[in-house]
Amino acid sequence: MAQTKIQHEKRQVTSFIILMLLWEAGSESIQYSVLEETDSGTFVANLTKDLGLSVRELAARGARVVFKGNRQHLQLDPRTHDLLLNEKLDREELCGSTEPCVLPFQVLLENPVQFFQGELQLQDVNDHAPEFLENEILLKISESSHPGTAFPLKIAQDLDVGSNTVQNYTISTNFHFHLFTRNHSDGRKYPELVLDKALDREQQPELRLTLTALDGGAPPRSGTSQVLIIVLDINDNTPEFAQEIYEVQIPENSPIGSLVITVSARDLDTGTHGELSYSFFQSSNQVIQAFEINAVTGEIRLKKMLDFEEIQSYRMEIEALDGGGLSGKCTIAVELVDVNDNTPELAMSLLTSDIPENSPETVVAIFGISDPDSGDNGKMMCSIQDHLPFLLKPTVDNFYTLVTDEALDRENRVEYNVTITVTDLGTPKLKTEHSITVRVSDVNDNAPNFTQTSYTLFVRENNSPALHIGSVSATDRDSGTNAQVTYSLLPPQGTHLPLASLVSINADNGHLFALRALDYEALQAFEFRVGAADAGSPALSSEALVRVVVVDDNDNSPFVLYPLQNGSAPCTELVPRAAEAGYLVTKVVAVDGDSGQNAWLSYQLLKATEPGLFGVWAHNGEVRTARLLSDRDAPKHRLVVLVKDNGEPPLSASVTLHVLLVDGFSQPYLPLPEAAPDEAQADSLTVYLVIALASVSSLFLFSVLLFIAVRLCGRRRAASVPEGHFLGHLVDVSGTGTLSQSYQYEVCLMGDSGTSEFKFPKPIISNFPPQSIRREGEETISFRNNLDF
């Protein structure tokens, strides 16, 4: 509470300082005058000359004329900014009997805010003629009246003021009276009839005269009333009031019929000459409309409810007339007491409903307040709600400016409902409230914001072109065009990725599309940046990272690296008959270009000459003997190994192996079973090869000469072998598909030419690529019927 009070006092001090500064800045008053009833659009003044500002400056600063209330009496010419009449003005309607008739106004410059005080004085024209309230005035005069006796007559009413109101009265020519024009204390003129010659009732019981009222206009206007004079018998005493002047106060808004005062006069005569009647005398039209008098009792009561704001006081003449025609007069002064019966009024001069955000000290509204009451009843306080970013600044003559107290942020709050409360200091306090809605207009101060700093999209390879692969999304806290987001692909930096041929983006909704089919084996993943820009001025933008991961599809069959299949001549693996169960015959090595489970390979024995003799390990492709070999087993075996991946659906490849059971590795000639014309020739060729290998090995150990002799002998025994080479690598392969380093014998037989090849033991290098294995399989080191060192 203490902090709030301190802030409130600071605001009051600030407002007071601003009020004093603005009052000094706008205290110079400019005065203009114009005749009432002048046509609308009439030139009043050259405002640019009087204010010392150019037309361009007045237009740029939003000059306008402000009057109290809702009526706009003056206007500015939009081209020249001259001050013109906005409508015909009736002085009597606007000011009544008040003289001079001054209409205050302000010239308001909106940006920056500045006030100039002005006054428009309405000059009266003689547009009303004097008018008597009665067409006939009855005057009773005793025949005993002496010459020189004065008899006041009722006055005429004229709504004009000054010289245009009633200035003189005249009476028609007669032998008994002349007329004087007298002045009341309030300045009004009234006629007074003076007796010149004594009246004789027997000769002339009544007289009829014409009373004329003249105003001071040019030309003068006039009004007439008939004066009927009745001559009475002798009446010795005139009625007399106890007081010449009665003063009374009455609250405004008193109900109709309320007693104002009771007047009483007395007459010493008796009979009809002592009977009195009361009436208004020389009273204005306002009095006649507001009050009524009881002719018998003298009670004066309200005829209508009185309004202090219209008329503050009334003055009336009361006449007491006896039956003999004599009268006495008194004056009653009625003063109205103000009651707080008018709520304060607020007139909006300027209202800016849309305020740009981030603009401090922006004028929202300019308005004036008023209260027709007087005293404390007419004093006012103006306030708005607390905890709003607005400030009320008093300016001049009960004008206030509503400005922003700080920069507004549309993203935090779009609009404010400001209630301006005007409270008077009367008892009881009356107040009026005026609510305005202030909308905060958008300024492009927020860049688009992606919902994620990075996006990861997964696309299965072999997709169809123009496939929708995902979306990016950015939002902008601004509104309207400032929030319209456009998406684009940013040029790749530091890479030669052909982004334009890979993906595209919908500029309106951020949908991403793959332009062509992606191949996991060629491109596993790629990254690019996406930009989002708004349509504001200047445009603001942001960017996000997009990573596209190509998901592998099972589109590659397993590829057998070993043993190589060279046309129709598969390699033959030699297995000693003494081999025990689990003997490693060879290892099938295969790879798969896919990844993940699509590249997980499994091996199985699809076909075998003698089932149960050999087996294939499912996980590493090793071909091993399933049991102990015996002499009863056939020497030649054909195995078909199936290599299958784990994809969906699974893909596979097969490889054919020939296994030859031998008693040793010294046979020089190993016939290929399929190459022999019949089974007998195949058996003899195998025996010859074994014998030849054993002989060559033995001779090589003893002497070179013997070795040469054996070689010459081998040439004579050459047999035809089929075209192509037969490559057999007896290697050990690890579970990952790489070859281990070991030494094996390779023996291949060609079935058409009859020649044999023998390869010395050599190391097999691990981790060789498929291309190298293929080239190695094609390049055999042949000893065609000869041996070179």
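Conventions we followed
- Residues numbered from 1 in each chain as written.
- Predicted model: local features only at pLDDT ≥ 70, side-chain atom pairs only at ≥ 80, totals over all residues.
- Heavy atoms only, no water.
- Salt bridge = Lys/Arg side-chain N within 4 Å of Asp/Glu carboxyl O.
- Helix = DSSP H or I, 4+ residues; strand = E, 2+ residues; numbered from the N terminus.
- Buried < 20%, exposed > 50% of the residue type's maximum accessible area, 1.4 Å probe, protein only.
- Disulfide = S-S within 2.5 Å.
- Phe/Tyr/Trp six-rings, centres within 6.5 Å; stacked < 30°, edge-to-face > 60°.
- Polar contact = N/O pair within 3.5 Å; in protein donor to acceptor, adjacent residues only side chain to side chain.

Chemist: Explain the pattern of salt bridges here, please?
Modeler: Should their charged atoms come close, side chains of opposite charge can pair. Enumeration according to the criterion identifies 20 salt bridges in this entry. Between E319 and K329 there is a salt bridge whose closest N-O contact spans 3.4 Å. Here the residue E319 occupies a position in strand β24 (residues 313-322), and K329 occupies one in strand β25 (residues 327-337), the gap between them amounting to 10 residues. Note on E319: relative accessible area 12%, which makes it buried. A salt bridge links K393 to E361, with the nearest nitrogen and oxygen atoms 2.9 Å apart. In this pair, K393 is assigned in strand β30 (residues 390-394) and E361 in the loop between β27 (354-356) and β28 (363-370), connecting sequence segments 32 residues apart. By relative accessible area, which is 16% here, K393 ends up buried. A relative accessible area of 46% means that E361 is categorised as partly exposed. Because the salt bridges share partners, they merge into one network encompassing R91, E92 and D124.

Chemist: Hey, could you run me through the state of the cysteines in this one?
Modeler: Think of a disulfide as a covalent bridge from one cysteine sulfur atom to another cysteine sulfur atom. By the definition in use, this model includes 1 disulfide. Through a disulfide, C95 is tied to C101; the S-S separation comes to 1.8 Å. For the disulfide bridge between C95 and C101, the dihedral angle about the S-S bond is near 60°, and by the sign convention the bridge is right-handed. For C95, a relative accessible area of 16% puts it in the buried group.

Chemist: What am I meant to see in the packing of aromatic side chains here?
Modeler: Think of a pair of aromatic rings as described by two things: how far the centres are apart, and how the planes are tilted against each other in angle. Evaluated as defined, the whole model comprises 11 aromatic pairs. Ring geometry for F291 against Y314: centres 5.2 Å apart, planes inclined by 85°, an arrangement best described as edge-to-face. Taken together, the residues span a long stretch of sequence, with F291 in strand β22 (residues 291-293) and Y314 in strand β24 at a distance of 23 residues. Taking relative accessible area as the criterion, Y314 reaches 7% and is therefore assigned buried. Ring geometry for F450 and Y487: centres 6.4 Å apart, planes at 55°, overall tilted. A residue pair is termed long-range when its members are at least 10 positions apart, and F450 in strand β34 (residues 449-450) and Y487 in strand β38 (residues 485-489) qualify at 37 residues. For F450, a relative accessible area of 7% puts it in the buried group. Accessibility expressed as a relative area gives 7% for Y487, which makes it buried.

Chemist: Which parts of the structure should I look at to understand the environment of A59?
Modeler: Structurally, A59 can be placed in helix α3 (residues 55-60). Classification of A59 as partly exposed rests on a relative accessible area of 47%. Spatially, the C-alpha atoms of A59 and L109 are 9.2 Å apart, while their sequence positions differ by 50 residues.

Chemist: Even after reading the chapter, I still don't get the side chain of T80, so can you show me in this structure?
Modeler: Looking at where T80 falls in the secondary structure, it is placed in the loop between β4 (74-76) and β5 (83-85). Residue T80 is classed as buried on the basis of its relative accessible area of 19%. At 3.1 Å, the side chain of T80 and the side chain of D82 are in polar contact.

What is shown is where atoms sit, not what they do.
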